[in-house]
Amino acid sequence: MKEIVIATKNKGKAREFKTFFAKGNIVAKSLLEMERFTPDIEETGKTFEENAALKAEGISRYLDIPVLADDSGLIIDALDGRPGVYSARYAGEDKDDKANMAKVLEELKNTPMDKRTARFICMLAIAIPGKETLFRTGYCEGRIAFEEMGVNGFGYDPIFIPEGYSKTLAELLPEEKNQISHRKNAIDQLEGLLGDLSHV
Ligand SMILES: O=c1[nH]c(=O)c2ncn([C@@H]3O[C@H](COP(=O)(O)OP(=O)(O)OP(=O)(O)O)[C@@H](O)[C@H]3O)c2[nH]1
Ligand SMILES: [Mg+2]
């Protein structure tokens, strides 16, 4: 079975990548499952692209194999694009999903539904030894709910209502989220690159 290394330590992302790649008979292996030590990569970039490249290139260089990384986040129009690149650590260094959502809901408490537009972005970086890093991007448009709803998914899913739906991503089934998500839309654009990325 072919294998792709995903430079992530986020369990929610890892689960979604496994589902997507299993359809193509490829095992997506996250850094949480590596037998070998891998260095922690500091996300010091100011853009999704920079951080995705730091993660993919850092791990690819270390292991000397092709590596895919995902830098993603939530862009809220009424908050001038915040939390954006800082989505994981919006309420503090400990990456607390509940605290992050509480901070967003508090900041939007006086914002009416028609002004709560937002989108998720997924920036994929593909680092292959000896080649230039490639990027693919996917979006998911929607609005921010007034309260948390649902228990599926991860991150900000309980407060994100995708366009055309009246439920949050956390109220949808995982397979429903995976048909419309920013990650699905980015992965769809990997078409043709998968052969270069996977290794035995
Ligand atoms: O509701 C959500 N549904 C999603 O589908 C989703 N994708 C990303 N996010 C949020 O954006 C941060 C990314 O930050 P991020 O790309 O640096 O990832 P991370 O630090 O969690 O893991 P790693 O991949 O860097 O190891 C994450 O922590 C999440 O809060 C999501 N929230
Ligand atoms: Mg991160």
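The rules behind the values
- Residues numbered from 1 in each chain as written.
- Chains lettered and ligands numbered in written order.
- Predicted model: local features only at pLDDT ≥ 70, side-chain atom pairs only at ≥ 80, totals over all residues.
- Heavy atoms only, no water.
- UniProt positions renumbered as here; feature names shortened; annotations may be inferred.
- 1 Å grid on protein atoms, 1.4 Å probe; cavity = no way out; pocket = protein on both sides within 12 Å on 5 of 7 lines; lining within 4 Å.
- Helix = DSSP H or I, 4+ residues; strand = E, 2+ residues; numbered from the N terminus.
- Pairing = 2+ DSSP bridges.
- Right-handed = clockwise from strand over helix to strand, strands pointing away.

The name an unreviewed UniProt entry gives the chain is dITP/XTP pyrophosphatase, with Oceanobacillus bengalensis as the organism. We quote the UniProt Subunit (unreviewed entry) comment for the chain here in full: "Homodimer." In its Sequence similarities (unreviewed entry) section, the UniProt record describing the chain reads: "Belongs to the HAM1 NTPase family."

Undergrad: What's the story with the UniProt feature "binding site: Mg(2+)" (unreviewed entry) in the chain in this structure? I'm lost.
TA: Following the UniProt record, the feature "binding site: Mg(2+)" (unreviewed entry) maps to Glu-42 and Asp-71 here. Across 30 residues in sequence, these annotated residues keep their C-alpha atoms within 12.3 Å of one another, forming a single compact spot. Annotated residues from the preceding list that form part of the lining of the largest pocket: these are Glu-42 and Asp-71. Summarising the element assignment, Glu-42 is placed in the loop between strand S2 (26-30) and helix H2 (48-63).

Undergrad: Looking at this model, I keep getting lost on the pairing of strand S1 (residues 2-6). Mind explaining?
TA: Where S1 and S2 come together, 5 bridges link them in parallel fashion. Residue Ile-6 lies in a different strand from S2, and its bridge partner there is Ser-30. Between S1 and its parallel partner S2, the chain crosses via helix H1 (residues 11-22), and the hand of that crossover is right-handed.

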